[in-house]
Amino acid sequence: MSNIIPITTPLREFKGHEGGINAVAVFPDKRRMVTGSADKTLCLWDLKTGVVLKKMEGHHNGVTRLAVSRDGQLIASGDKSGEVIIWYGATGEPFTKIEAHYNPIISLDFSPDGTLLARATVSYDKTTKLWDTKTWEVQEYPIECGACVKCVRYSPSGELLAIATDNNIEIYNSGTMQCVAKFKGHKSWNLSLAWTPDGTRLLTGGSKDDPTIREWNTTTWEQVGDPWMGHIEQINAIAIHPAGTLAASTSTDKRIRLWRMSDRQTIAVFKNSFDGMCITFSVDGNHILSGGTDKMISEWAVPQGTHPKTIAITTDANNHTPHAHRSKILVITTSRIACVNGDLSTAEDLLTQDINTNPNNHTSYAHRSFVMARKHDWDHALRDAMNSINIEPSLTGYISKGIALCGTGRIPDARAAFDVASMYTDQDSEILHFLLLIKAIAFFNADQHDEANLLLKELITGCPNADTRACCIVEAYLRVQLGLEALDGARHDEAAVHFTAAIDCSNLPSKSDIDEIYEDLVVLFGWDLKSLWLTAHQKRCDALLLAGKLQDAVRSYRYMMDSIDETTRAICLEWSNAFTEKCSAPLLTDGDAALTASDFDRAIDLYSAVINLDFASDVVFENRSRAKLAKMLWTEALLDAQKVMELNPSSHVGYKLMHTALRGAQRYDEAIEAFKIMLSKLDHSPEAQIRDLRQQYVSPSEAEDAIQRVVWIELEYAPLRLLNTSTGLLCDRVAQINTFKTSAEYNELVSFPTKDSNIRAERIKDVVATYFRCVLLSHRWEEMEALLQDIQDKDVRELKGLAGIAKLQSFCNVARDAGYRWAWMDTCCIDKKSNTELQESVNSMFVWYRHSALTVVYLSDVPPSSQPGALARSVWNERGWTFQEFVAPKVVIFYQNDWSLYLDDRSPNHKESPAIMKELEDATGIDARALISFRPGMSNARQRLQWASSRVTTLQEDIAYSLFGIFGVHLPVMYGEKKQNALGRLLQEIVARSGDITVLDWIGQPSEFNSCLPAYITSYATSPRTLPSLSEDQIQKSISLLRQNPMAVNFASELYDRLDNTSAAGFANCRLHLPCMAFHVTEVSLSYGTSQETRYEVKADGLHDLLINATEPIVQFSRIRPTQQTLVLVRPWDRSLLDLPDDTESEGDYWTPPSSPPDDSPSRSFVKQEVDDLELRALRLVVRLEQPFGAFLLARQRGGEYKRVASDRDIIAQVKDVASVRDLMDVRTIDIL
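On a predicted model such as this, the values are computed, not experimentally measured, just so you know.

## Topic: the overall build of the protein chain
On a plain count of helices and strands, the protein chain comes out with 41 helices and 44 strands. Taking 33 Å as the expected radius of gyration for a compact globule of 1233 residues, we find that the protein chain reaches 53 Å, considerably beyond that expectation. Dimensions of the protein chain along its principal axes, counting C-alpha atoms only, are 180 × 70 × 65 Å. Counting over 1233 residues, the protein chain shows a buried share of 54%. Look at the contacts in the protein chain between residues 6 or more apart in sequence, and 57% of them connect residues 24 or more apart. Summed over its atoms, the accessible surface of the protein chain is roughly 54600 Å², and 49% of this surface lies on carbon and sulfur atoms. Looking at the protein chain, you have 128 positive and 162 negative side-chain charges, and the mean spots of the two groups are 4 Å apart.

## Quick notes on the sheet that holds strand β14 (residues 143-144)
Strand order across the open sheet formed by 4 strands is β11-β12-β13-β14, with antiparallel pairing between neighbours. Looking along the sheet, the strands with just one partner apiece sit at the ends: β11 (105-110) and β14. Strand direction decides the pairing type here: strand β13 (residues 127-132) and β14, joined by 2 bridges, are antiparallel. In the strand pairing of β14, Thr127 is matched with Glu144.

## Re the UniProt feature "domain: Heterokaryon incompatibility" (unreviewed entry) in the protein chain
Within the UniProt annotation, "domain: Heterokaryon incompatibility" (unreviewed entry) is assigned to residues 776-862. For the annotated span residues 776-862, helix accounts for 38% and strand for 14% of the residues, and the straight-line distance between the end C-alpha atoms is 19 Å.

## As for the packing of helix α14 (residues 550-563) against helix α16 (residues 573-596)
Two elements in contact, α14 and α16, have axes separated by 11 Å at closest approach and are oriented at 145°. Here the hand of the crossing between α14 and α16 comes out left-handed. In contact with Leu550, Gln551, Ala553, Val554, Tyr557, Met560 and Met561 of α14, α16 contributes Trp575, Ser576, Phe579, Thr580, Pro586 and Leu587. Tallied by class, residues from the contact of α14 with α16 come to 10 nonpolar, 3 polar and no charged.

## What to know about the pairing of strand β34 (residues 892-895)
What you see with β34 is no split at all: Val892 and Phe894 on one side and Ile893 and Tyr895 on the other are buried throughout. Bridge analysis of strand β33 (residues 854-858) against β34 gives 4 bridges, and the strand direction is parallel. Note on β34: the bridge partner recorded for Tyr858 is Tyr895.

## Topic: the pattern of salt bridges
Overall, the coordinates contain 50 salt bridges when judged by the stated rule. Note that Arg32 is salt-bridged to Asp29, the shortest N-O span being 3.1 Å. Relative accessible area serves as the criterion here: at 28%, Asp29 is assigned to the partly exposed category. Lys807 is paired through a salt bridge with Glu785; the nearest N and O atoms lie 2.7 Å apart.

## Focus: the UniProt feature "repeat: WD" (unreviewed entry) in the protein chain
Feature annotation in UniProt places "repeat: WD" (unreviewed entry) on residues 14-55, 56-87, 98-135 and 228-269, given in this structure's numbering. A helix fraction of 0% and a strand fraction of 57% characterise residues 14-55, whose end C-alpha atoms lie 13 Å from each other. Across residues 56-87, the secondary structure splits into 0% helix and 59% strand, with the terminal C-alpha atoms separated by 9 Å.

## Considering the sheet that holds strand β21 (residues 213-217)
Whenever strands of a sheet pair, they do so through backbone hydrogen bonds, lying parallel or antiparallel. Read from one edge to the other, the open sheet built from 3 strands follows the order β19-β20-β21, with strand pairing classed as antiparallel. Because the sheet does not close on itself, it has two edges, and the strands there are β19 (190-195) and β21. For this sheet, the mean angle separating the axes of adjacent strands, direction not counted, is 25°. Sheet topology places β19 next to strand β20 (residues 201-206); 5 bridges connect them, and they run antiparallel. Across the sheet, Asn190 pairs through a bridge with Gly206, a residue of β20.

## Regarding the nonpolar core
Ranked by size, the top nonpolar core spans 122 residues in total, and within it Leu723, Leu808, Phe894, Phe967 and Leu1074 carry the most contacts. If we skip the residues at most four places from it in the chain, Phe894 touches Val857, Leu859, Leu871, Trp876, Phe886, Ser900, Leu901, Tyr902, His910, Ile916 and Leu920. Leu521, Phe621, Leu657 and Ala671 belong to the second-largest nonpolar core, a separate cluster that totals 109 residues.

## What about the environment of Val969?
Tracing the chain through its elements places Val969 in the loop between α36 (964-967) and α37 (979-994). The class for Val969 is buried, based on a relative accessible area of 1%. Leaving out residues up to four positions away in the same chain, Val969 has contacts with Asn843, Met938, Phe964, Leu986, Glu989 and Arg993.

## Some thoughts on a negative patch on the surface
On the surface, a cluster of negative charge is made up of Glu782, Glu783, Asp861 and Glu878. Its location among the elements puts Asp861 in the loop between β33 and α30 (870-873).

## Quick word on helix α6 (residues 411-421)
Because each turn of an α-helix spans 3.6 residues, side chains separated by three or four positions in sequence point in the same direction. All of the buried residues in α6 are Ile411, Ala414, Ala417, Phe418 and Ala421. For α6, the angular spread of the buried residues around the axis is 115°, confining them to a single face.

## Re unusual backbone geometry
In the Ramachandran plot, Lys30 falls in the positive-phi region, its phi being about 65° despite a non-glycine side chain. Examined against the element boundaries, Lys30 turns out to sit in the loop between β3 (21-26) and β4 (32-37). The backbone phi angle of Lys254 is positive, close to 65°, even though this residue is not glycine. Structurally, Lys254 is set in the loop between β23 (246-251) and β24 (255-260). The exposure class assigned to Lys254 is partly exposed, which follows from its relative accessible area of 33%.

## Some points on helix α13 (residues 532-546)
Over its 15 residues, α13 extends 21 Å from the first C-alpha to the last, a length consistent with the 21 Å expected when each residue adds 1.5 Å. Of all 15 residues in α13, 12 are buried, a share of seventy percent or more. Residues Leu532, Trp533, Leu534, Ala536, His537, Gln538, Arg540, Cys541, Asp542, Ala543, Leu544 and Leu545 constitute the buried set of α13. Once α13 ends, the next one or two residues include Gly548, with phi positive near 80°.

## Digging into the packing of aromatic side chains
Any two aromatic rings considered together are summarised by their centre-to-centre distance and by the angle between their planes. Here the structure, examined in full by the defined rule, presents 34 aromatic pairs. Positioned above the aromatic ring of Trp189, the side-chain terminus of Lys150 is 4.0 Å from the ring centre.

Quick notes on the rules
Residues numbered from 1 in each chain as written. Predicted model: local features only at pLDDT ≥ 70, side-chain atom pairs only at ≥ 80, totals over all residues. Heavy atoms only, no water. Helix = DSSP H or I, 4+ residues; strand = E, 2+ residues; numbered from the N terminus. Rg over C-alpha atoms; globule rule 2.2 N^0.38 Å. Buried < 20%, exposed > 50% of the residue type's maximum accessible area, 1.4 Å probe, protein only. Contact = heavy atoms within 4.5 Å. Areas by Shrake-Rupley, 256 points an atom, 1.4 Å probe, with all protein chains shown as cover. Lys, Arg positive; Asp, Glu negative; His and termini not counted. Charge placed at Lys NZ, Arg CZ, Asp CG, Glu CD. Pairing = 2+ DSSP bridges. UniProt positions renumbered as here; feature names shortened; annotations may be inferred. Axes fitted to C-alpha atoms, helices over the stretch in contact; angles between N-to-C directions. Left-handed = near helix turned anticlockwise from the far one by under 90°. Nonpolar A, V, L, I, M, F, W, Y, C, P; charged D, E, K, R; others polar. Salt bridge = Lys/Arg side-chain N within 4 Å of Asp/Glu carboxyl O. Core = buried A, V, L, I, M, F, W, Y, C linked by side-chain atoms within 4.5 Å. Patch = residues over 30% accessible without salt bridge, like charges linked within 9 Å, V, L, I, M, F, W, Y side chains within 5 Å. Arc of directions from axis to C-beta. Expected span 1.5 Å × (residues − 1). Phe/Tyr/Trp six-rings, centres within 6.5 Å; stacked < 30°, edge-to-face > 60°. Lys NZ or Arg CZ within 6 Å of the ring centre and 35° of its normal.

Written out as structure tokens, the structure is:
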């Protein structure tokens, strides 16, 4: 450490702030400095006099960071509250304010071209935001960093942006904002950053845990050498000398260290009394300016002997040096400018004058040799080179000789000349490196390409600390030359490869002043380094286009155009226009063809290529949007739609595409607004043809009306109240509709654009039906159930301790898990206090179950893992209401008492399970076909009553009410009327509406409602007695005998006409109007038998004698002992005996013909074929009337009406001879009480 020069006293102190100084920057004019302080102010200083030119006020909190644009026109300052103020650099007056953030500003930096301001804050959003200095709008997408940001710095060229975070150093391409490198950096936080002027190195400073400076190679991003040791506290700032040879750092350890870049050693230490916060070099590099908590700026002199020898140094306000040319091979001469400008004749004349003035000037001979080599006058060049060496051997002389020998093709001699030249480099690695570059170029120009490339490769890999950028530039230039040669030879693919390699290996931005940095190459070989980058890119585009690789050509073009500034863009405008025109036409043609062929991926690629050419019209964006919509790329399609609107704002097309994209993205509210604007555009279009397109669409309001109509139709078949399985709330009809109106499904329908009524209607029906699908529960009520008042306005999912709530919650979970939004349970979804609602619910329940998407049957008495037969034994099969709850739905699933599937049957519908349906068929006695495909109605009424006869209900009236839906009737619900009345009203309605007299076929006690109806439904438990019937052959024989008797034929026709004009049975006011054939009873006598039953022998006119088992006493009488009571035996009239054609379809898939009188003949089809023969039908009627029939015994009452005398056995009667008792056959309608 003996070489370190201790310095404790600064040259000057700039005092004027009242708080610590956190930031400092010098202006390019070398005359001014600006500082930012914790006292909330900035100070603009005169560096020469040390006077404060202006105190800049405006911040509300302490200033933490500042930056000055490269041209010195703008100052940006940030404070602890996150506010950024932009000031005029010339006057120090405020220009604008940016409310950037609520957290302290921790770093600011202008891009080299001054177009962007990078800003980082002390926050946890882990982002760096960029502001456009023209509009002062923040760029839409910030840079997402991996941790909290500590410092941001642009590279000298502006191509890269370095960001120091808590965890890593992150390097981004400033044009694309893509991360190109990411590495750990320091052990803990990375606090400070600084680029070397040539951009080849990046220095980083660490925190207290790692208070070192680390040097990074910006080509490989590998660390160069060991960490720079010396500080013992965190390093708050680093500055680089304008020449790039020195670095200065300031730290919380109250020390400023001056470092030599070449060996990374401390060469001076400046001691402060307070923590150092900021540091910079003066523009000329002779002084260091530092500030900290001592509230002043200290100016320190850079010690003598440490200044680098530089030529033409320029710096900017923030200590960025664009380039520092250090020419050690070629000194500046009067001819240099002429060489750079390509004025070789002037250069030759100037050098010739120097030689004539001093013939022993070996340097002038060598320089003229270079000029002659550029003029390809190789002999002259070689002579001048030899003259230079003969006067005085030197590095320059042997270089000129080597170049001249290469030009003459004498490669071995050239190698020797370059080898000797190396002896004059004084072992200076930089000079030797540059010599080898010149050798590689000379060999390349001599067509020794392989040797030149090998030498370049060895230089790059073998000299990691050398100027690798120079190697890359040389390699790029040589690659461009090879590409141009291949392009001239029509080897387009090869040319593209060379140009691509040039771009990849150079790693240069379009704005880099490489012609100044490597001006020696321009002098020696006449290279046009200014346009190297642009030439490589343009020629690659041309080569790819000529090779037929259109999309690759467009990508290359887009990359180039995105990387250049406005000035460069203007320079290549003519080429750009020509190139885009050549590319766009075939791309558009191919894109349209791909779109037509539904090859959407290819169409998108081709249209994207056109768009990347900046050659696209609104039609191109429109077509690409259509292709993206077909691929369901909603967001991307939306961006293209917005571009269409921007390019053609008066057209409806952009809004149409936008509407479609927003609908696809399920952003329905926005889609509807876009759709309204589209309709407005169509309505107000100046073109009639466009206005006519309006007829293809319906407005959102029209759509809402159509939806509303469908919703009401759908809900007509749904319960009045439903449980929302998503929210747990009980919803009435209004709440259900309101929920739907806030749903995505509703908005999707409103935004559906088509005018086609059929398509729209079907779409609405499908969506509405799907949305309002509900699951109904069939179960046996327990002692305690959750009722409506228990759950009203409550989330059932959250209820606890309520009786029956577990069942309800489990049911809702099953429904929700199955994908259904709505559920219904009879215990809690009916307001039983409302008579109106109760009436509607009872009468509609069958319809509700019929239209349910799923009916869940909960078997509370069937334990888990039950074996087959458990369902048949369940009490659920005995309940009255569960009959319709099973036959009505189309889809049913059975659950055991733990809510597991019965028999673990995972089929979607247990009605399609053969095992389960067989079990139910055996248990109920109902045919499986009827259970599966049941239809409500009056057909087979007697059989339906038999199915229900064994079921029980808690409320006696429910035995009838539970059958309303089975028969499709709507009747008043009057709890308290007693079951006989309720059942009587149901049976009355069946007879009244259908005329079906089979419901009168029962045995047991008569009802108080009407004596022809049973008191209890159990009277239907016994199937009707099946009577013998004639075969068709027997019928035909009987008909043949009747035809032989003309009187019998006439009687048959008269009887047929009379019966045909007889109306069907009906009810009115509890009276049965029964059309029948009545037979007067002439005698009743008690019959004694071996059984204990009371039997009566009955005789009636025209009938064979018969025995009757009556349930009540009958007065005995005879012709000899007559009585006042009149008894008749009647045959209820059944119009099916007329064999009339049946034009109606069966109401049930399981329909069978009436059983009274039976006719099981397999030849019914024969009868059907003969229905037009009236005489035949009449004769068939007579034959049938002669057969046994079921009769009713009626007793006449005082008012002339009759009552049925009930019996506990069927009364079977038979006429003696129809033809002989014609006068005794009384066809009439009897009123029965």
